[in-house]
Amino acid sequence: MFKSIMLSGLLLIVLTLPVAAQQVTPAAGPVSVQTTPTAPAQAGKSAKRTSPYQAADPATRARKMTDRMTTDLGLDPATAQKVYEAALTRAQKIDAIQNGTDDNKTKNQSLQANANAFKTALQSILSPDQFTKFQQQKGGRNRDKATGPQQPAKQEPH
């Protein structure tokens, strides 16, 4: 009986020793823990952002928009250059507004005014058919983002 109690006590000490060794006492001083950063690709959508969103530079955004519009609307090089200049001006103003110190309501109003100015510039650059097609494409993208893909209407059984 004495042997079994001693063996149980020894087994308890051996099993709890690693756990006790991991505890940090206040007298031990500060503990330095080094962590390795996780890859952004593995973080997923649920991970919190540690820094604010950084958009591409205005020239890159303007070039992408111009390339997309050139392909979608069949723009000639001269018209594409005018669209690029208008898109560049728009992107630069967006950055200036976003980096400003105004409150969100003022920023939203400024962004809306900038969007209207861009729309007016495009109306003077594009042909009426091209502008209509641009508006239709733009409206379709915004609608899908806001409400998701449109579902076909269900038909009632006769």
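Data block above holds the structure.
One structure accompanies this document, and this report is about it. (Residues numbered from 1 in each chain as written. Predicted model: local features only at pLDDT ≥ 70, side-chain atom pairs only at ≥ 80, totals over all residues. Heavy atoms only, no water.)

## Here we look at the packing of helix α4 (residues 77-98) against helix α5 (residues 104-125)
Stated precisely, the cut-off is as follows: Axis definition: a line fitted to C-alpha atoms, over the contacting stretch in the case of helices. Angles run 0 to 180 degrees between N-to-C directions. Runs of H or I in DSSP of at least four residues are treated as helices and runs of E of at least two as strands, each being numbered from the N terminus. Note that the term roughly parallel is reserved for angles under 35 degrees, roughly antiparallel for angles over 145, roughly perpendicular for angles of 65 to 115, and oblique for everything else. The contact definition used throughout considers only heavy atoms, calling two residues in contact when any of these lie within 4.5 Å. For this scheme, ten residues count as nonpolar: Ala, Val, Leu, Ile, Met, Phe, Trp, Tyr, Cys and Pro. Four count as charged, namely Asp, Glu, Lys and Arg, and the remainder, Gly too, count as polar.
Between α4 and α5, the shortest axis-to-axis distance is 10 Å and the interhelical angle comes to 175°. Considering the angle they form, α4 stands roughly antiparallel to α5. For the pair α4 and α5, the contacting residues are Thr79, Lys82, Val83, Ala86, Ala87, Arg90, Lys93, Ile94, Ile97 and Gln98 in the first and Lys107, Ser110, Leu111, Asn114, Phe118, Ala121, Leu122 and Ile125 in the second. When grouped by side-chain class, the residues that make up the contact of α4 with α5 number 10 nonpolar, four polar and four charged.

## Here's the deal with the environment of aspartate 76
Put simply, the test is: The definition of a polar contact used here is a pair of N or O atoms within 3.5 Å, where within protein one atom must be able to donate a hydrogen and the other to accept one, and adjacent residues in sequence count solely through side-chain atom pairs.
Tracing the sequence through the fold places aspartate 76 in the loop between α3 (58-73) and α4. Among the polar contacts listed, one links the side chain of aspartate 76 to the backbone nitrogen of alanine 78, at a separation of 3.1 Å.

## Concerning the environment of methionine 65
So the rule is basically this: Exposed residues in this analysis have more than 50% of their type's maximum accessible area, buried residues have under 20%, and partly exposed residues fall in between, with area computed by a 1.4 Å probe over protein chains only.
Its place among the elements puts methionine 65 in helix α3. For methionine 65, a relative accessible area of 13% corresponds to the buried category. Linking methionine 65 and alanine 87, residues 22 residues apart in sequence, is a C-alpha distance of 7.3 Å. Leaving out residues up to four positions away in the same chain, methionine 65 has contacts with Ala87, Arg90 and Phe118.

## Things to note about the environment of alanine 62
Within the secondary structure, alanine 62 is located in helix α3. Considering only alpha carbons, one finds alanine 62 and arginine 90, 28 residues apart in sequence, at a separation of 8.3 Å. Among residues more than four places away in sequence, those in contact with alanine 62 are Tyr84, Ala87 and Leu88.

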